[in-house]
Structures are given as structure tokens and as C-alpha cells.
Amino acid sequence: MPIYDFQCKRCGHQFEKLVRVDQSAECPACQAASCEVVRLFSSPAISTQKSRSVSLAEAKGRSKAIKKEKDHAQAEYERNYIRDHS
Ligand SMILES: [Zn+2]
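Cut-offs and rules
Residues numbered from 1 in each chain as written. Predicted model: local features only at pLDDT ≥ 70, side-chain atom pairs only at ≥ 80, totals over all residues. Heavy atoms only, no water. Helix = DSSP H or I, 4+ residues; strand = E, 2+ residues; numbered from the N terminus. Contact = heavy atoms within 4.5 Å. Areas by Shrake-Rupley, 256 points an atom, 1.4 Å probe, with all protein chains shown as cover. Donors = N, O, S within 2.8 Å, 3.2 Å for Na, K, Ca; no water. Tetrahedral: all angles 85-135°; square planar, octahedral: opposite > 155°, others 65-115°. Buried < 20%, exposed > 50% of the residue type's maximum accessible area, 1.4 Å probe, protein only. Salt bridge = Lys/Arg side-chain N within 4 Å of Asp/Glu carboxyl O. Pairing = 2+ DSSP bridges. Axes fitted to C-alpha atoms, helices over the stretch in contact; angles between N-to-C directions.

## A few points about the overall build of the protein chain
The helix and strand inventory of the protein chain stands at 1 helix and 3 strands. Secondary structure of the protein chain in N-to-C order comes out as β-β-β-α. Across the protein chain, the fraction of contacts at a sequence separation of at least 24, relative to all contacts at a separation of at least 6, is 34%. A total of about 7,000 Å² of accessible surface is found on the protein chain, and carbon and sulfur atoms cover 55% of it.

Encoded structure:
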């Protein structure tokens, strides 16, 4: 199912929604009926997907950095433990 961009004509709110081709969406901000919501055909679906995979990669990098920090803390703990108990 494709993600479409919609804009509410009533409040101007823009949002993305996963819909069937023949479906429309209600405004999540002001609950305007779907007849008041226009689908934006200049949908940045591809760039959205791209930015998603970028943020996913960023998240992966972050968790790697966190793991490194944890390993470091563990090594320090073991060092201190050995020092204090020998
Ligand atoms: Zn609205």
C-alpha cells in the first residue's frame, strides 16, 4: 500500500497516511471529513522512504556507540574489581 500525503483544507494540517488507491483520509488534527482533505500528488514518498532508511542507519550507529560505551564501562568495572580485591 502506498503512503500518500494529504493536506486538510480546513486547518492546513499535512499528514501522511497509508491508504488504498481509492481511499481517502480524515484529518487527524481537526477530524475534518475526507471531502475536506486533498491528496497531494507531489508525494515525497520516495524521499520519505530514503530518510527513513537514513534514520535507521543512524539508529544502528547509535546503538553500536552505546554498546561500545557499555563494553568500556564493563572493562573499567572489572579493572576496579580486580584492583580492590587483590
Ligand atoms: Zn484539519
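## Overview of the coordination of the zinc ion
Here the zinc ion is held by Cys8 (SG), Cys11 (SG), Cys27 (SG) and Cys30 (SG), and the distances to it run 2.2 to 2.3 Å. Note that the zinc ion binds 4 donor atoms; their angles at the metal cover 108 to 112 degrees, and the shape is tetrahedral. Written as a sequence motif, the donor residues of the zinc ion are C-x2-C-x15-C-x2-C. Taking relative accessible area as the criterion, cysteine 8 reaches 2% and is therefore assigned buried. When its relative accessible area of 40% is taken as the criterion, cysteine 11 is described as partly exposed.

## With respect to the pattern of salt bridges
Taken as a whole and assessed by the stated rule, the structure comprises 3 salt bridges. Salt-bridge contacts for arginine 10 lead to glutamate 36; the nearest nitrogen and oxygen are separated by 2.9 Å. Remark: glutamate 36 occurs in the loop between strand 2 (14-18) and strand 3 (37-40) and arginine 10 occurs in the loop between strand 1 (3-8) and strand 2; sequence separation between them is 26 residues. You can call arginine 10 exposed: its relative accessible area is 51%.

## With respect to the sheet that holds strand 3
Strand order in the open sheet formed by 3 strands is 2-1-3, with antiparallel pairing between adjacent strands. Each edge of the open sheet is held by one strand with a lone partner, namely strand 2 and strand 3. Mean inter-strand twist for the sheet, computed between neighbouring axes without regard to direction, equals 40 degrees.

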